[in-house]
Amino acid sequence: MDLGLEGRAALVTGASKGLGLASAIALAQDGARVAIVARTASTLADAHAAVTAASTGRTDVLAIAADVTAHGEAERVVTEAVEAFGGVDILVPNAGGPPPGGAWEVTDDALRAAFEANCLASIRLARAALPSMQARRWGRICCITSAWVKQPSPYLSLSNVARTGLWAWVKTAAADVAADGVTVNLVCPGLHDTDRIRALGGSGGARMGDPADFGKVVAFLCSEPAAFVSGAALQVDGGATLGLL
Ligand code: NAP
């Protein structure tokens, strides 16, 4: 299937490892021009090489070192991508997940930090990128969140709270920009084999998804034929989530 991504300008944050990197690679494989963002320069350089190698002969992969939760950085990375590519067509907001903790254990400071990383940063990135998409009357915003938005985890209450806030925002944001040709969706991973899951102690023997496959789902949601998919929260979890929504 032709995803219609050739030459599209994509910005993927949290993209030096794991699901963000896999999404950047999948977009590059389908011909998009890709800017990647993460905090650590060394892994960002490795990711830059990996995305360049995956791309269809492009040499214009852009790597931007930034913490998307820091003041003004969401806006800066969008500006850099717009300047480099002449605009942004595709935005994949992503950042690291919060630490584990039950609902009665988490502090106000931890809740604020999770809200910054897993809700507000995505909204700021989307807000900054929207004018470029509206000018082209074409845009795709695909936020990486978690399957826990549909079935809250008893051990990841910070994630539950921050990401459901983002989902609520996406539902209304999508309707507001539908007429501009801009879609806004969530993609909700279940267990995938990444550093994040290893740091949380592994899968406990459960089947895990391949990040490369996850990246291709993101590329589809950002594609031309996904033009009528908006306001959706698509779980990619091998059927693990039991919620009906
Ligand atoms: P990961 O392996 O820990 O990778 C996170 C990526 O984001 C890295 O490139 C990291 O690089 C970057 N990053 C973290 N914080 C950042 C920030 N503030 N600003 C910019 N870049 C930042 O995580 P993952 O497993 O790919 O997961 C991605 C997201 O999906 C996370 O929010 C995670 O909680 C969620 N999720 C994952 C799974 C899974 O099974 N893997 C399941 C459900 C939900 P630097 O540290 O260098 O910045």
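Caption draft 1: Highlighting the packing of helix α1 (residues 18-29) against helix α7 (residues 211-221). Where α1 meets α7, the axes come as close as 7 Å, and the angle between the chain directions of the two elements is 60°. The angle between α1 and α7 places the two elements in the oblique class. In terms of crossing hand, the pair formed by α1 and α7 is right-handed. Along the contact surface, α1 presents Gly-18, Leu-19, Ala-22, Ser-23, Ala-26, Leu-27 and Gln-29, while α7 presents Pro-211, Ala-212, Phe-214, Gly-215, Lys-216, Val-218 and Ala-219. Across the contact of α1 with α7, the residue classes break down as nine nonpolar, four polar and one charged.

Caption draft 2: Focus on the packing of α1 against helix α2 (residues 41-54). At their nearest, the axes of α1 and α2 sit 8 Å apart, and the two run at 30° to each other. Taken together, the axis directions place α1 and α2 in an arrangement best described as roughly parallel. Between α1 and α2 lies a crossing whose hand is right-handed. Facing α1, whose interface residues are Leu-21, Ala-24, Ile-25, Ala-28 and Gln-29, α2 presents Ala-47, Ala-50, Val-51 and Ala-54.

Caption draft 3: Looking closely at the site of the ligand. Residues in contact with the ligand amount to 30 residues; listed here are only the nearest, Ser-16, Thr-40, Ala-95, His-192 and Thr-194. For the ligand, an oxygen atom lies 2.8 Å from a polar atom in the side chain of Arg-39. Compared with its free state, where it exposes 890 Å², the ligand has 93% of that area covered by protein. Listing elements by their share of the shell around the ligand, those giving two or more residues are α1 and α6 (195-199). Its residues assigned to classes, the shell around the ligand comprises ten nonpolar, 14 polar and six charged.

Caption draft 4: Quick look at α2. With 14 residues, α2 should cover 20 Å at 1.5 Å per step; its first-to-last C-alpha distance of 20 Å lies within 8% of that length. Every buried residue of α2 is listed here: Leu-44, Ala-47, Val-51 and Ala-54. Projection of α2 onto a plane perpendicular to its axis shows the buried side chains occupying an angular sector of 85°, all on one side. Opposite its buried face, α2 presents the exposed residues Ala-41, Ser-42, Asp-46 and Ala-53, each directed more than 90 degrees away.

Caption draft 5: Spatial organisation of the pattern of salt bridges. All told, the structure shown has 13 salt bridges when counted by the stated rule. Glu-116 is the partner of Arg-124 in a salt bridge, and the nearest nitrogen-oxygen pair spans 3.1 Å. When salt bridges with common partners are traced through the structure, they connect Arg-8, Asp-89, Arg-136 and Glu-224 into a single cluster.

The rules behind the values
- Residue indices begin from 1 for each chain and proceed along its sequence in written order.
- Local features in this predicted model are restricted to residues whose pLDDT is 70 or higher, and side-chain atom pairs enter the listing and the counts only when it is 80 or higher, whereas totals over whole chains, interfaces and linings include all residues.
- Side-chain metrics in this entry use all non-hydrogen atoms of the structure; hydrogen atoms and water are not considered.
- Under this scheme, a helix contributes an axis fitted over its contacting stretch, all axes are lines through C-alpha atoms, and angles between N-to-C directions fall in the 0 to 180 degree range.
- Secondary structure counts use DSSP, requiring at least four H or I residues in a row for a helix and at least two E residues in a row for a strand, with both numbered from the N terminus.
- Throughout this description, any angle smaller than 35 degrees is read as roughly parallel, any larger than 145 degrees as roughly antiparallel, any in the 65 to 115 degree range as roughly perpendicular, and the remainder as oblique.
- Note on convention: the crossing is left-handed when the near helix lies turned anticlockwise from the far helix by less than a right angle, right-handed when the turn is clockwise.
- Contact criterion: two residues are considered in contact whenever any of their non-hydrogen atoms come within 4.5 Å of each other.
- The nonpolar class holds Ala, Val, Leu, Ile, Met, Phe, Trp, Tyr, Cys and Pro. Asp, Glu, Lys and Arg form the charged class, and all remaining residues, Gly among them, are polar.
- Near is defined per residue: the residue qualifies when any heavy atom it owns lies within 4 Å of the molecule or strand.
- Side-chain atoms alone can form a polar contact between residues adjacent in sequence; in general such a contact is a pair of N or O atoms within 3.5 Å, and within protein one must be able to donate a hydrogen while the other accepts it.
- In short, Shrake-Rupley with a 1.4 Å probe defines the accessible areas, and a residue's cover is counted only from the protein chains shown.
- In this analysis, the expected span of each helix is defined as 1.5 Å times one less than the number of residues it contains.
- Each residue's exposure class comes from its accessible area (1.4 Å probe, protein chains only) as a fraction of the maximum for that residue type: buried when under 20%, exposed when over 50%, partly exposed otherwise.
- Note: the arc covers the axis-to-C-beta directions of the helix.
- For this document, the term salt bridge refers to a Lys or Arg side-chain nitrogen within 4 Å of an Asp or Glu carboxyl oxygen.

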